Amino acid sequence: MKTFFILLLISTAHSKVRMEPNLGNRHFLKAKLIKIFGESSEKIINENLFFSSSDVGGPCDIYEQVFHYSENLLDENKKCIGGKSGSRYPLKGRHSNLRTASLIKTCFNLVENKEIIKNVSLRSKSLESHYKLFYPYNKSPKLLEEIKKNSSNDTQGLKKALFTICLSPDWQII
Amino acid sequence: MLNRRDLMTFGGASIFLSLLGSSLNTLKKSEGKNNLNFINKNDQQNYIQINLYGGPSRWVFDSLLTPYDNDFFPTPMVGTQFSDDLGNMSYKTKKISGINFPSLWSDKISGQRGPIGFENLIDNTIFIRGVDTKASGHPQASTKTVRPNSAGDSLHGIISDNSSSPLSSIIMGSNPVTRSFQSQKRGAVQVDIGQRKMFEGIFRNFHVKTDNPNKLINEALKILNVNKGKNSQYVKSLTESSELLFDDFERFNSEYLHLLKKYEQLVKMTLHDLNIPGVNDFKLPGLKESDIRKNQNVMDKFGRYKLDYQTMFFGNDLRDNLKNVHLGFIPKQFALMEFMITNGLSNSFLISTPKEMGDLLYNVENRNNFLLSSFDNGSKNKTRDEVININMDTHDTGSIMGLVSTSMFFKGLSSCLSEFISVLKRKELFEKSLIHITSEFERIPEKDLHGSAHNEKSHTSTFLSGKIKSPSVHGNIFIGDKEMGTIGTSAPIKEIKRELNQDDIAETITGLLNIPSPVRRSEKIIKEVNGKWVAQLPKAKNLEGSSVF
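Quick look at the structure, then. None of these values were measured; they are calculated from a predicted model.

We now examine the environment of Gly 55 of chain B. All names here are of chain B. Of note, Gly 55 is situated in the loop between strand S1 (46-51) and strand S2 (81-82). Under the relative-accessibility criterion, Gly 55 is labelled buried at 0%. Note: C-alpha distance between Gly 55 and Arg 443 (388 residues apart in sequence) is 7.5 Å. In this view, Gly 55 contacts Met 392, Ser 439, Glu 440, Phe 441 and Arg 443; residues no more than four positions away in its chain are not counted.

Attention now goes to the pairing of strand S13 (residues 359-365) of chain B. Residues and elements named next belong to chain B. Taking burial as the measure, the seven residues of S13 include five buried ones, the bulk of the element. When S13 meets strand S15 (residues 387-391), the two strands line up antiparallel, connected through four bridges. Within S15, the position partnered with Leu 361 by the bridge is Ile 390.

This part covers the interface of chain A and chain B. Contacts between the two partners involve 49 residues from chain A and, on the opposite side, 54 residues from chain B. Where chain A abuts chain B, roughly 4,400 Å² becomes buried across the two surfaces, and 60% of that area is made up of carbon and sulfur atoms. Taken together, chain A and chain B are joined by zero salt bridges. For the pair chain A and chain B, the number of links is five residue pairs in polar contact (both at pLDDT 80 or more). Put simply, the parts of the chain that give the side of chain A that touches chain B at least two residues each are helix H1 (2-13), helix H3 (42-50), helix H4 (97-112), helix H7 (141-150) and helix H8 (155-167) of chain A. The element best represented in the side of chain A that touches chain B is H4 of chain A, accounting for twelve residues.

Here the focus is the pattern of salt bridges. Applying the stated criterion across every chain, the model contains 25 salt bridges over all chains. Between Glu 42 of chain A and Lys 30 of chain A there is a salt bridge whose closest N-O contact spans 3.1 Å. Here Lys 30 of chain A lies in helix H2 (residues 26-37) and Glu 42 of chain A lies in helix H3, a separation of twelve residues in the sequence. Judged by relative accessible area, Lys 30 of chain A falls into the buried class, the value being 9%. Residues Lys 306 of chain B and Asp 396 of chain B are paired through a salt bridge, measuring 2.6 Å at the closest nitrogen-oxygen approach. Taken together, the positions of Lys 306 of chain B in the loop between helix H9 (298-302) and strand S11 (311-312) and Asp 396 of chain B in the loop between S15 and helix H12 (399-426) put the pair 90 residues apart, joining distant regions of the chain. Lys 306 of chain B gets classed as buried once you look at its relative accessible area, which sits at 5%. Judged by its relative accessible area of 25%, Asp 396 of chain B falls in the partly exposed class.

Residues and elements named next belong to chain B. Counting through the fold element by element, His 474 comes out in strand S20 (residues 472-474). Placed 57 residues apart in sequence, His 474 and Gly 531 show a C-alpha to C-alpha distance of 21 Å. Ignoring any residue separated from it by four or fewer positions in sequence, one finds His 474 in contact with Ile 126, Phe 127, Ile 128, Arg 129, Ala 535, Leu 537, Pro 538, Lys 539 and Ala 540. At 2.7 Å, the side chain of His 474 and the side chain of Ser 472 are in polar contact. For His 474, the side chain forms a polar contact with the main-chain oxygen of Leu 537, separated by 3.0 Å.

The next thing to look at is unusual backbone geometry. In terms of backbone geometry, most residues other than glycine have negative phi values and most peptide bonds are trans. All names here are of chain B. Of note in this structure, Ser 97 is not a glycine but carries a positive phi near 50°. Looking at the secondary structure, you find Ser 97 in the loop between strand S4 (93-96) and strand S5 (99-102). Within the chain, Asn 514 stands out as a residue other than glycine whose phi angle is a positive 55°. The topology assignment puts Asn 514 in the loop between helix H13 (502-513) and strand S24 (526-529). Overall, Asn 514 belongs to the partly exposed group, its relative accessible area being 40%.

What characterises a pair of aromatic rings is the spacing of the ring centres plus the angle enclosed by the ring planes. On inspection of all chains with the given rule, the structure shows 25 aromatic pairs over all chains. With centroids separated by 4.7 Å and ring planes inclined at 10°, the aromatic side chains of Phe 199 of chain B and Tyr 256 of chain B adopt a geometry described as stacked. Here Phe 199 of chain B, found in helix H5 (residues 198-203), pairs with Tyr 256 of chain B, found in helix H8 (residues 249-272); they are 57 residues apart in sequence, far enough to count as distant. Take Phe 199 of chain B and Tyr 256 of chain B: they sit in the same class, and that class is buried. Through a chain of ring-to-ring contacts, three or more aromatic side chains come together here, namely Phe 61, Phe 101, Trp 105, Phe 118, Phe 127, Phe 409 and Phe 410 of chain B. Above the ring of Phe 50 of chain A, the side-chain terminus of Lys 30 of chain A is found at 4.2 Å from the ring centroid. Over the aromatic face of Phe 549 of chain B sits the side chain of Lys 457 of chain B, whose NZ or CZ is 6.0 Å from the ring centroid.

Calculation criteria
- Residues numbered from 1 in each chain as written.
- Chains lettered and ligands numbered in written order.
- Predicted model: local features only at pLDDT ≥ 70, side-chain atom pairs only at ≥ 80, totals over all residues.
- Heavy atoms only, no water.
- Helix = DSSP H or I, 4+ residues; strand = E, 2+ residues; numbered from the N terminus.
- Buried < 20%, exposed > 50% of the residue type's maximum accessible area, 1.4 Å probe, protein only.
- Contact = heavy atoms within 4.5 Å.
- Pairing = 2+ DSSP bridges.
- Buried area = accessible area lost by both parts, 1.4 Å probe.
- Salt bridge = Lys/Arg side-chain N within 4 Å of Asp/Glu carboxyl O.
- Polar contact = N/O pair within 3.5 Å; in protein donor to acceptor, adjacent residues only side chain to side chain.
- Phe/Tyr/Trp six-rings, centres within 6.5 Å; stacked < 30°, edge-to-face > 60°.
- Lys NZ or Arg CZ within 6 Å of the ring centre and 35° of its normal.

Take a look at the structure:
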């Protein structure tokens, strides 16, 4: 009888568990994008993504709000978006139109920046190597095939490929 | 070792249990699907909560103490008009649509085309009073107004998750209420209303300054659509976001600035061009310098003249100190909200105070006042602050400034609300909207009139909507006695055998908006009946009993 109830509990318990991917927050996204697009991309990332909305996730630390006799923060990167509320932003990101809008703008401005694209293409001409920076463990291999089918080998093709990979969802999952 | 009988029993049990499990799953899904009515694009309900964090007294506004000629016991600090220039006051009302409203409601507010009455705020309103917060302190009590179940999602979170609006909940302000947002899927747009370029701060996410990215986005979407798999919700979000992108920021910014100017004008005209009869239409003298003596009972004698924790009001006329007052961020919040709602950008809004405790009046002139410490030894210690704000948490706001500041604040707020409702009506959105005015709790006057304490057994929630066709007041309060008169302390309702509580408010809101409720075993105070929102409780009563606890 005891076994019966344990099995009954087990069979119904799993229906209460919901799984959803953990989306990287703004700190994760920034670090990854800087690694891929270079240090010169930090300004674009800050303007369009890092100081974006709560949906991107990544709370600030209110103890880092140090001003040192100035109106400006000692370290602008520690700024709390939306005031103190920024310290309660979720640890992980959430899918939302604000997040995707920020990402669209960030990726677009990154690939449209001549300097950044030049540095990226100097690093490697191979689409696979750029893809591997986003997906080091080769997640979403079909995406790479689709991109290859639809991209050319020139700079425009590289921009289109990078933009698409940048917008893809799986590299954002931690 | 299992024998054949045991094996058959075990196998049978396993099959039975797995069938039971999957049936329960199906039942749960179908039960979930049947109970969840998602707000769709064509028929989304708007929810606007105006949360006055700090808990100002609302006796002059929507905390109606004797709506149906109920028994009433007067209290020196609970008044709607001054009876003389010494700060004595009385609770005067005016009967409108069969309900005794505080006298402020018979006054005029500013409209777009000149002074108007309060009709927009009366005809479609249900007032709920006498709600027991069952909480202690500002953070706990205020959180219940947005997140009644601390383990569950907040009201705005539930709305966001069930909404297909391009933007999820717009949360304006910074205090425990705004920080209580919790949802499963969608975040909130947290707006720093103190930010100088607030509008730009929100819409920069959608503003593309240079070349149009749509061609590149469409090509990327084509590839991602093929690849989407389980991420189709993500690709849908990408598509929606790309549709929201714009390059002509100035056009939207101009629209917002035009709205901001409108609300600022309304507040300015209401506060400074239209006096409030019985409140600021005559001289309000303060203390004289000769009153400053070493005085052991300074609060007993002069409590009513207190302005804040350290300042006493001196001078010929309090009105001289109020010539440049304003309502802070209220116009900004209304302007942004009107922009968002009329452009269909969001259907869930929380307007609250910008920096923790809210202020009723900003920029009160303070130069000629003296510090409370002057009465310690009879020395004349002048105030150092040139201007002060009158806090919503009126522990140290004497009865004179209390009546003046709350009257001016709610009159200014009413002018913004009235205009906002007019806009909603013009856009045929008022029937699809629920406006909710709330704060954490009401107040208990101090005996010496130097301020008021928290009354956690009294909360007021006011609901306005086009679906409410006539005004009514519900919720019982105690009459009180000579120790403390009628102030709004909750009393039980016979029909539900208890006082109302915050869960009932949440259950009501979620029921009206057709979204899942975060609470259980609660009353729906208002329900939809034949397309109209009708109160389910009897009219408000005042019962015998003490107002203090």
